[in-house]
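# Structural overview for review
So the chains spell out like this:
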Amino acid sequence: MVAEKSSAKNISVTLRVWRQAGPAQPGKFVDYPAKDLNPNMSFLEMLDVINDGLEQKGEEPISFAHDCREGICGTCSLVINGKPHGPNKSIASCQTYMRSFSDGEVIVVEPFRAAPFPIVKDLVTDRSAFDKIQQAGGFISIRTGAACDANATPIPKEVADLAMDAAQCIGCGACVAACKNSSAMLFVSAKVSQLGLLPQGQPERDSRVLNMVATMDSLGFGNCTNQYECSAACPKAVSHDFIARMNRDYITASFRSAFRPKSAAAGDGA
Ligand code: FES
């Protein structure tokens, strides 16, 4: 993470925000002056202040998505000055503070832009396409029963660490917004790898990668052309190495599926 400068002096900025009344309405940028801001307020708190002012004037507040405001849920899908989640590396929009900006700066705020993420209103996009990909294979079907001892299933530390790295993905969609192809391969590869690396994820390992990739393609996400903008924009620094891992899994699963007797295709084994 890039260290932010700390500042005690209040700043004033101009917010240039994408306003769009609905999915089928034309949108445009509208400027809002934001004066005398505490530099230690978060970017979303600054939007709250702007919205308070708009409501007091009887104007429509800016719609933006948020939930946890702690970098956990992946809801705060803002492109700030051309970068998904703003100027700082490895943090979400909600963890961005006004001290990251200069006094007098014009800050351009847009929604994530990708055909599979249609705009709902202003800065809010519909990212339910990610839910559909998850439903296609992002699960395990074994009975988990009562919680067992943490070390009951031995897993090498390096494998456990890698699975945890993949599990960092919060499904925000910044990887899609950053990619010129609107590729979702970083997201899908993180979900595929998170489960495929662990013993519990082996029964559906082949069907998982085949179904999740097929669903990703059917929803209009593009392919990966190795630009790595996805991992650069990821608020959790998920590595693009997982894309290569998913591609290997996909090729293996495709071969196994092609040569497997039809009667055996329903239950995959690794
Ligand atoms: S609001 Fe949850 S990650 Fe930003």
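The rules behind these values
- Residues numbered from 1 in each chain as written.
- Predicted model: local features only at pLDDT ≥ 70, side-chain atom pairs only at ≥ 80, totals over all residues.
- Core = buried A, V, L, I, M, F, W, Y, C linked by C-beta atoms within 7 Å.
- Buried ≥ 20, exposed ≤ 12 C-beta atoms within 10 Å, placed from the backbone.
- Helix = DSSP H or I, 4+ residues; strand = E, 2+ residues; numbered from the N terminus.
- Domains from an automatic or database assignment.
- Contact = placed C-beta atoms within 7 Å.
- Axes fitted to C-alpha atoms, helices over the stretch in contact; angles between N-to-C directions.
- Left-handed = near helix turned anticlockwise from the far one by under 90°.
- Nonpolar A, V, L, I, M, F, W, Y, C, P; charged D, E, K, R; others polar.
- Expected span 1.5 Å × (residues − 1).
- Arc of directions from axis to C-beta.
- Pairing = 2+ DSSP bridges.
- Parallel < 35°, antiparallel > 145°, perpendicular 65-115°, else oblique.

Judged by nonpolar contacts, the single largest core of 60 residues is most densely connected at Cys175, Val176, Ala184, Leu186 and Val188. Broken down by element, this core gets its largest block of residues, seven residues, from helix H5 (residues 185-196). Counting contributing residues, this core receives three or more from each of domain 1 (11-121) and domain 2 (128-264). With sequence-adjacent residues up to four places away left out, valine 188 is seen in contact with Ile133, Met212, Val213, Met216 and Met246.

Moving on to the packing of helix H3 (residues 157-167) against H5. One can describe the packing of H3 onto H5 by two numbers: an axis separation of 8 Å at closest approach and a directional angle of 145°. Crossing angle aside, the handedness with which H3 passes H5 is left-handed. Side by side, H3 and H5 meet where Ala163, Ala166 and Ala167 of the first sit next to Ala190, Ser193 and Gln194 of the second. Split by residue class, the contact of H3 with H5 holds four nonpolar, two polar and no charged.

Another point: helix H8 (residues 241-259). Taking 1.5 Å as the rise per residue, H8 with 19 residues should run 27 Å; its terminal C-alpha atoms sit 28 Å apart, in good agreement. Where H8 is concerned, the buried positions are Phe242, Ile243, Arg245, Met246, Asp249 and Ala253. Relative to the axis of H8, the buried residues are bounded by an arc of 150° and lie together on one face. Projecting away from the buried face of H8 at angles above 90 degrees are the exposed residues Arg248, Ile251, Phe255, Ala258 and Phe259.

Parsing the chain into structural domains produces domain 1 (11-121) and domain 2 (128-264). With 18 residues of domain 1 in contact, the opposing surface of domain 2 contributes 17 residues. For the side of domain 1 that touches domain 2, the class distribution of residues is eleven nonpolar, five polar and two charged.

Examined against the element boundaries, glycine 171 turns out to sit in the loop between H3 and helix H4 (174-178). Along the primary structure glycine 171 and valine 213 are separated by 42 residues, whereas in three dimensions their C-alpha atoms are 16 Å apart. Look past the residues within four positions of glycine 171 in its chain and what remains in contact with it is Gly74, Phe130 and Phe187.

Turning next to the sheet that holds strand S4 (residues 83-84). One open sheet holds the five strands; their spatial order is S2-S1-S5-S3-S4, and the pairing between them is mixed. Two strands in the sheet have a free side with no partner beyond their single neighbour: strand S2 (28-37) and S4. Sheet topology places strand S3 (residues 78-80) next to strand S5 (residues 106-111); three bridges connect them, and they run antiparallel. Residue pairing across strands places valine 79 opposite glutamate 110, the latter belonging to S5. Helix H1 (residues 43-56) rests against strand S1 (11-19), S2 and S3 of the sheet, and its axis sits at about 100° to S2.

Bringing the environment of lysine 121 into the picture now. Within the element layout of this structure, lysine 121 appears in strand S6 (residues 119-121). Residue class for lysine 121 comes out partly exposed when judged on the 19 C-beta atoms lying within 10 Å of it. When neighbours within four sequence positions are excluded, lysine 121 is seen to be in contact with Gln20, Ala21, Gly22 and Ser63.

What follows concerns the packing of H5 against helix H6 (residues 205-218). Running from N to C, H5 and H6 cross one another at 170°; their axes reach a closest spacing of 10 Å. For the element pair H5 / H6, the angle class is roughly antiparallel. Packed against H5, whose contacting residues are Val188, Lys191, Val192, Leu195 and Gly196, the element H6 presents Arg205, Arg208, Val209, Met212, Val213 and Met216 at the interface. For the contact of H5 with H6, the class distribution of residues is seven nonpolar, one polar and three charged.

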